[in-house]
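Read off the chains here:
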Amino acid sequence: MTRSPINFSRRYSLVLIPFFAFCFVAKAQLSTDFYKATCPDLFKIVRREVQNAVKSEMRMAASLLRLHFHDCFVNGCDASLLLDGTGSEKDAGPNLNSARGFEVVDRIKSSVESSCSGVVSCADILAIAARDSVLLSGGSLWKVLLGRRDGLVANQTGANRALPAPFEALDSIISKFAAVGLNVNDVVSLSGAHTIGLARCGTFRDRLFNFSGTGAPDITLEQSMLTDLQHLCPLTADGSITAPFDRKSADLFDNHYFQNLINGKGLISSDQILFSSDAAVTTGTKSLVQSYNSNINRFFADFANSMIKMGNISPLTGSAGEIRKNCRAVNA
Ligand code: HEM
Ligand SMILES: *[C@@H]1O[C@H](CO)[C@@H](O)[C@H](O)[C@H]1NC(C)=O
Ligand SMILES: *[C@@H]1O[C@H](CO)[C@@H](O)[C@H](O)[C@H]1NC(C)=O
């Protein structure tokens, strides 16, 4: 199945299933109409900029979605990830040569600034851009909560500690989610974000040749995919070559990710263990994978809910933090 990466009308047709009936739990004083008076065109502006970015490179949807995740897990959703300079989160292991889309965020921010200056936080821009990226990729729609303010510090050691690694054990990943108030259900639904985007060979190559020091490939990786990936990512090759998480539809936000796991076609270890590990049975992730595979509506609804929960991680509100002028630096 091939899909034109810029066929938006067709993508929109995939999201007509109604997912508007969520119970919103706005714990953290965030609200959907926060900028209604101060920046009435905000949603239009962000949508237009994300659409432009995704039109020139479909992968950008995945990259923008990931930025919101990597922001929220470190000091809450406060745009700390966007700060440049010594000690930046951009230079932390999980982000270095990996997190991307910062120029697109700059473009969104400057469009927003020219319409309503000094009003909208970079943290909120990340939340809206992530929502729009999912929608433009054919995924579910949710009402994004707003009112976050921008943090004053980056936390590189925090990023190294809080963000999960591709080779991490399931219990440890679940603990990292729990540390920010997310449960096992959130781990599985949010991992479904890996239905779009790419990963570098370096993040999964151990599975192809010498898994966990066994001297052999990961036995949970399906044979034909193993062979393909061994050719794409030989030990001698540059670890920055990329492979799609979902080979069938790398640009489409669907539930193939879960079907792939059931077929042994998860790309990185942290994906496949949601289905194949012993812990997948005891923690319940295996049955969640099965349920999202058989019911895309349930996946879309849970994903939307989990994104709202993730967006609610320790936001700065009221007079805490600031509204940055430039997402890359704190105000003078
Ligand atoms: C459960 C633990 C998770 C682990 C261990 C993990 C790990 C990774 C890794 C290793 C990559 C590839 C990075 C690279 O090649 O440089 C990646 C990419 C990605 N991750 Fe995750 N991730 C996790 C959860 C999430 C969540 C919760 C989201 C969003 C809700 C997400 C969204 C993405 C996206 C969209 C990409 C592709 C980015 C692109 O193509 O630019 N991931 N992740
Ligand atoms: C940095 O992050 C770590 C782990 O998430 C946290 O314990 C620590 O308080 C944070 N430090 C600062 C200065 O925010
Ligand atoms: C596999 O990895 C282990 C541990 O890192 C190492 O000691 C061993 O030599 C490796 N085996 C092969 C065949 O590369």
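Residues numbered from 1 in each chain as written. Chains lettered and ligands numbered in written order. Predicted model: local features only at pLDDT ≥ 70, side-chain atom pairs only at ≥ 80, totals over all residues. Heavy atoms only, no water.

The name given to the protein chain in an unreviewed UniProt entry is Peroxidase, with the source organism recorded as Pyrus ussuriensis x Pyrus communis.

> What am I meant to see in the UniProt feature "binding site: Ca(2+) 2" (unreviewed entry) in the protein chain here?
UniProt's entry tags Thr195, Asp246 and Asp254 with the feature "binding site: Ca(2+) 2" (unreviewed entry), counted in the numbering of this structure. A maximum C-alpha distance of 9.7 Å is found for the annotated residues, which run over 60 residues; spatially they form one tight group. Looking at the element boundaries, aspartate 246 is found in the loop between strand E2 (242-244) and helix H11 (256-262). For aspartate 246, the side chain forms a polar contact with the side chain of serine 249, separated by 3.0 Å. The residue aspartate 254 is located in the loop between E2 and H11 in this model. Setting aside anything within four residues of it in sequence, one finds aspartate 254 in contact with Thr195, Asp246, Ser249, Ile296, Phe299 and Phe300. A polar side-chain atom of aspartate 254 sits 2.8 Å from a polar atom in the side chain of serine 249. (UniProt positions renumbered as here; feature names shortened; annotations may be inferred. Helix = DSSP H or I, 4+ residues; strand = E, 2+ residues; numbered from the N terminus. Polar contact = N/O pair within 3.5 Å; in protein donor to acceptor, adjacent residues only side chain to side chain. Contact = heavy atoms within 4.5 Å.)

> It is not clear to me how the domain arrangement of the protein chain should be interpreted in this structure. Could you clarify?
Size of an interface: often given as the accessible area lost when the parts come together. What the domain assignment reports for the protein chain is domain 1 (29-163) and domain 2 (170-305). Distance from the C-alpha centre of domain 1 to the C-alpha centre of domain 2: 24 Å. On the side of domain 2, 15 residues touch domain 1, which itself brings 19 residues to the contact. Interface of domain 1 and domain 2: buried area, both sides summed, is about 1,400 Å²; carbon and sulfur atoms make up 67% of it. Inspection of the region where domain 1 meets domain 2 yields zero salt bridges. Between domain 1 and domain 2 we count five residue pairs in polar contact (both at pLDDT 80 or more) in total. Breaking the side of domain 1 that touches domain 2 down by element, the ones donating at least two residues are helix H3 (60-72) and helix H6 (156-162). Residue contributions to the side of domain 1 that touches domain 2 peak at four residues, all from H3. Of the residues assigned to the side of domain 1 that touches domain 2, the class counts are eleven nonpolar, six polar and two charged. (Domains from an automatic or database assignment. Buried area = accessible area lost by both parts, 1.4 Å probe. Salt bridge = Lys/Arg side-chain N within 4 Å of Asp/Glu carboxyl O. Nonpolar A, V, L, I, M, F, W, Y, C, P; charged D, E, K, R; others polar.)

> Sorry, what's going on with the nonpolar core here?
The nonpolar side chains of a soluble globular protein tend to be buried with one another. One finds Leu42, Leu65, Phe73, Val112, Phe303 and Met310 to be the most contacted residues of the largest nonpolar core, which totals 81 residues. The leading source of residues in this core is helix H5 (residues 122-136), at ten residues. The residues that make up this core include at least three from each of domain 1 (29-163) and domain 2 (170-305). Beyond its immediate chain neighbours, meaning those up to four positions away, phenylalanine 303 contacts Leu65, Val134, Ser140, Trp142, Ser189, Leu190, Ala193 and Phe253. (Core = buried A, V, L, I, M, F, W, Y, C linked by side-chain atoms within 4.5 Å. Buried < 20%, exposed > 50% of the residue type's maximum accessible area, 1.4 Å probe, protein only.)

> I'm lost on the confidence of the model for the protein chain in this one. Help?
Do not read the fine detail of predicted coordinates wherever pLDDT is low. With 92% of its residues at a pLDDT of 70 or more, the protein chain shows a mean pLDDT of 93. Ignoring residues within four places in sequence, the model shows residues 1-28, a span with pLDDT below 50, making 51 contacts including any to other chains. (pLDDT = per-residue confidence, 0-100.)

> Teacher, can you tell me more about the state of the cysteines here?
Two cysteines whose sulfur atoms are joined by a covalent bond form what is called a disulfide. Taken as a whole and judged by the stated rule, the model has four disulfides. Covalent S-S linkage joins cysteine 39 and cysteine 116, the inter-sulfur distance amounting to 1.8 Å. Residue cysteine 39 is located in the loop between helix H1 (8-13) and helix H2 (42-56), and its partner cysteine 116 is located in the loop between helix H4 (102-115) and H5; the two are separated by 77 residues in the primary sequence. For the pair cysteine 39 and cysteine 116, a shared accessibility class is recorded, and that class is buried. Two residues share a disulfide in this structure: cysteine 72 and cysteine 77, whose sulfurs sit 2.1 Å from each other. Taking the sign of the S-S torsion, 115° for the link of cysteine 72 and cysteine 77, the bridge is right-handed. For the pair formed by cysteine 72 and cysteine 77, the shared burial category is buried. Sequence-ordered numbering of the bonded cysteines in the protein chain gives a pairing of 1-4, 2-3, 5-8, 6-7. (Disulfide = S-S within 2.5 Å.)

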